[in-house]
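An overview of the molecular structure
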Amino acid sequence: MRDETKCLHSGYTPKNAEPRVVPIVQSTTYVYDSTEAIGDVFDDPTKSLIYSRFANPTVMAVEDKIADLEGGIGAMCTSSGQAATLLAILNLCKSGDSFISTTQIYGGTVNLFAYTMQKYEIECIFVDCDASEEEIEASFKDNTKLIFGETIANPGLNVLDFEKLAKIAHRRNVPLIVDNTFATPILCKPFEYGADIIVHSTSKYMDGHALQVGGVIIDSGNFDWSSGDFPEITGPDMSYKGIIYTDTYGKSAYIIKARMQLMRDFGVYPSAHSAFLLNLGLETMALRMERYCENAYKVAKYLEASDKIESISYPGLENDKYYELGQKYLKGASGVITFNVKGGKAAAVKFMDSLKLASNEVHVADIRTCVLHPASATHRQLTDEQLEAVGINPGMVRLSVGLEHVDDIIEDISQAIRS
Ligand SMILES: *Cc1c(COP(=O)(O)O)cnc(C)c1O
C-alpha cells in the first residue's frame, strides 16, 4: 500500500460486523478466565493484554499504523514526545554511559539531554550537525551508546545528513536514533537512509489539529544489538526471570524491551481517547502534508522577496543552505519557516503582535497558522551561547504555516510587516 492508503487502513481491519472506526477501549484492565491464565501473561506480557499502563487495543492500532508508515517492525506510543525521546535513550543508556547528539535539536530535548539526564549521570556529547565525519568520530567515548539527531531541526530547520551519521554510528556499532517530527513519514522515511530507531512528537503534524500531546518510538528491527555493547538487551532481565530480549524476541528486542521494562516501570502510556484523536489526525496526514508544503513554499517565496526580512530559512527554497540535503532526503520541506525580521528582537515582537490571522502560541504544526518567538518561549532557558549553537537569533520568528488559503496567510503577514 502507498502512504495515503496506509494512513487510512493500516493498524485496524474490522472483521464481520465489527465497528468501521477504531473503537475507544477505555478500560484500565482485561478479564481472564482463571488465575493460571493471568499468571501466564505475566511471564510474557506480549502474549495478551494485562493493564493499560503499557498496552491498550486503541493505542496499539495506532502504533501498528505508525510502524507501517515508517517501515518499522514495531512501535510504542508514549504520553508525550518528550517521553518518547527519554525512553528511546534510557532503553540503551544507564548511569555511566554517554551518547552523541547533534546540537540542532528541539529546545525541550536540549534541556533533557544537557541538564536532566546529566543528573542521572548519562552524558550527552553535543556535536554540530554539519561537523565532519572525523570530528564526530573523535567525540566518541568507550561508553557511547548511540547517535541522536533531528530530520528537520526545530527551529533551525537544518536537514540531517542521514548517511553521514548512519555510517559513523554503524562503524562504531551503535544505532542512529532520529526525531522525525517535522518531516513525518510522509516527507521522509529515515529507515531508508540508515536510521535504526525513530521518535516523534505526535502532538505536531501527526495529530495535526492541536488536540493531544503524544509521542511514539519506532524500531526498524535492523540494528544488530549483539554487534555492540548492549548488555541490557543481550543479557538477562531479572525482572522477567532472566529473559534475554534478543533471544526471545529477535529483531523486535529493542521495542519489546521498551514496553515490557520501561513502560511497565515508568508508565507514560497515552490514554485510549488520546490515541483515538491521534488516529483521526493520521487519517488525513498524507493529504495535509502536501498542502503544508505547498503553502509554506509560497509564503517562504513571499518573505524571501520582502525588503523587511533580513534572512530566512526554509529547506525548500533554492537558496537555502539545506536545499541540497532536502532534495536528497525529503519529499517536501514541511510547513515551518524561520526568519529574522530587520530590526532584531523589538521588530520581531512588533511583527508578531500585529498578526491578526496567525496566532501566537507555543505550538507548531497546528492546522491553523501560528507563530512563536523561540528566544522568549521554547528556548528561553538557553544561554546566549547555547542559542547561538542551536542557530537561534534573538530576532528569529518561527512561523508554522497552516491550511488556511495561502493568500489569506500572505495578506496577514504583509499587513503585519507594514505595521
Ligand atoms: C515538540 C517536539 C518534541 C517534544 O514533544 P512533546 O509532544 O511536546 O513532548 C520533540 N521533538 C520535536 C522536534 C518537537 O517539535
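The notes below deal with the structure included here.

The topology assignment puts Asp412 in helix 17 (residues 406–418). Summary of buried charges: Asp412 has no salt-bridge partner, and the nearest side chain of opposite charge, Lys356, is 6.7 Å away. Only 2.9 Å separates the side chain of Asp412 from the backbone nitrogen of Ala358, close enough to count as a polar contact. With sequence-adjacent residues up to four places away left out, Asp412 is seen in contact with Leu355, Lys356, Leu357 and Ala358.

Bringing the site of the ligand into the picture now. Looking at the ligand, there are 14 residues lining it, with Gly81, Asp179, Ser201, Ser203 and Lys204 nearest. In the model, an oxygen atom of the ligand is placed 2.7 Å from a nitrogen or oxygen of the Lys204 side chain. Taken together, the residues that form the shell around the ligand break down as three nonpolar, eight polar and three charged.

What follows is about the pairing of strand 6 (residues 197–201). With five of its five residues buried, strand 6 lies for the most part within the structure. In strand 6, alternate side chains face the same way, and those of Ile197, Val199 and Ser201 on one face and Ile198 and His200 on the other are all buried. When strand 5 (residues 176–179) meets strand 6, the two strands line up parallel, connected through three bridges. Paired with Ile177 across the strands is Ile197, a residue of strand 6.

Applying the stated criterion to the full structure yields 16 salt bridges. With a shortest N-O distance of 2.9 Å, Arg259 and Glu63 are connected by a salt bridge. Here Arg259 is found in helix 11 (residues 253–266), whereas its partner Glu63 is found in helix 3 (residues 57–70), with 196 residues between them in sequence. For the pair Arg259 and Glu63, one class covers both residues: buried. The salt bridge involving Glu318 is made with Lys301; its shortest N-O contact spans 3.3 Å. Here the residue Glu318 occupies a position in the loop between strand 10 (309–313) and helix 14 (323–329), and Lys301 occupies one in helix 13 (residues 285–305), the gap between them amounting to 17 residues. By relative accessible area, Glu318 is classed as partly exposed at 40%. In the salt-bridge network here, residues are joined through shared partners; they are Glu133, Glu137, Lys167, Arg171 and Arg172.

It is worth spelling out the sheet that holds strand 14 (residues 396–400) at this point. The strands making up a sheet associate through hydrogen bonds between their backbones, and the pairing can be parallel or antiparallel. Spatial ordering of the open sheet is given by 10-11-14-13-12, a layout of five strands whose pairing is mixed. Strands with a single pairing partner mark the edges of an open sheet, and in this sheet they are strand 10 and strand 12 (359–360). In this sheet, strand 11 (residues 336–341) lies alongside strand 10 in antiparallel orientation, the contact comprising four bridges. In the sheet register, Ser313 faces strand 11, and the bridge partner there is Thr338. Set on the sheet, helix 13 makes contact with strand 10, strand 11 and strand 14; between it and strand 11 the angle comes to about 15°.

Each value, and the rule that gives it
Residues numbered from 1 in each chain as written. Predicted model: local features only at pLDDT ≥ 70, side-chain atom pairs only at ≥ 80, totals over all residues. Heavy atoms only, no water. Helix = DSSP H or I, 4+ residues; strand = E, 2+ residues; numbered from the N terminus. Buried < 20%, exposed > 50% of the residue type's maximum accessible area, 1.4 Å probe, protein only. Lys, Arg positive; Asp, Glu negative; His and termini not counted. Salt bridge = Lys/Arg side-chain N within 4 Å of Asp/Glu carboxyl O. Polar contact = N/O pair within 3.5 Å; in protein donor to acceptor, adjacent residues only side chain to side chain. Contact = heavy atoms within 4.5 Å. Near = heavy atom within 4 Å. Nonpolar A, V, L, I, M, F, W, Y, C, P; charged D, E, K, R; others polar. Pairing = 2+ DSSP bridges. Axes fitted to C-alpha atoms, helices over the stretch in contact; angles between N-to-C directions.

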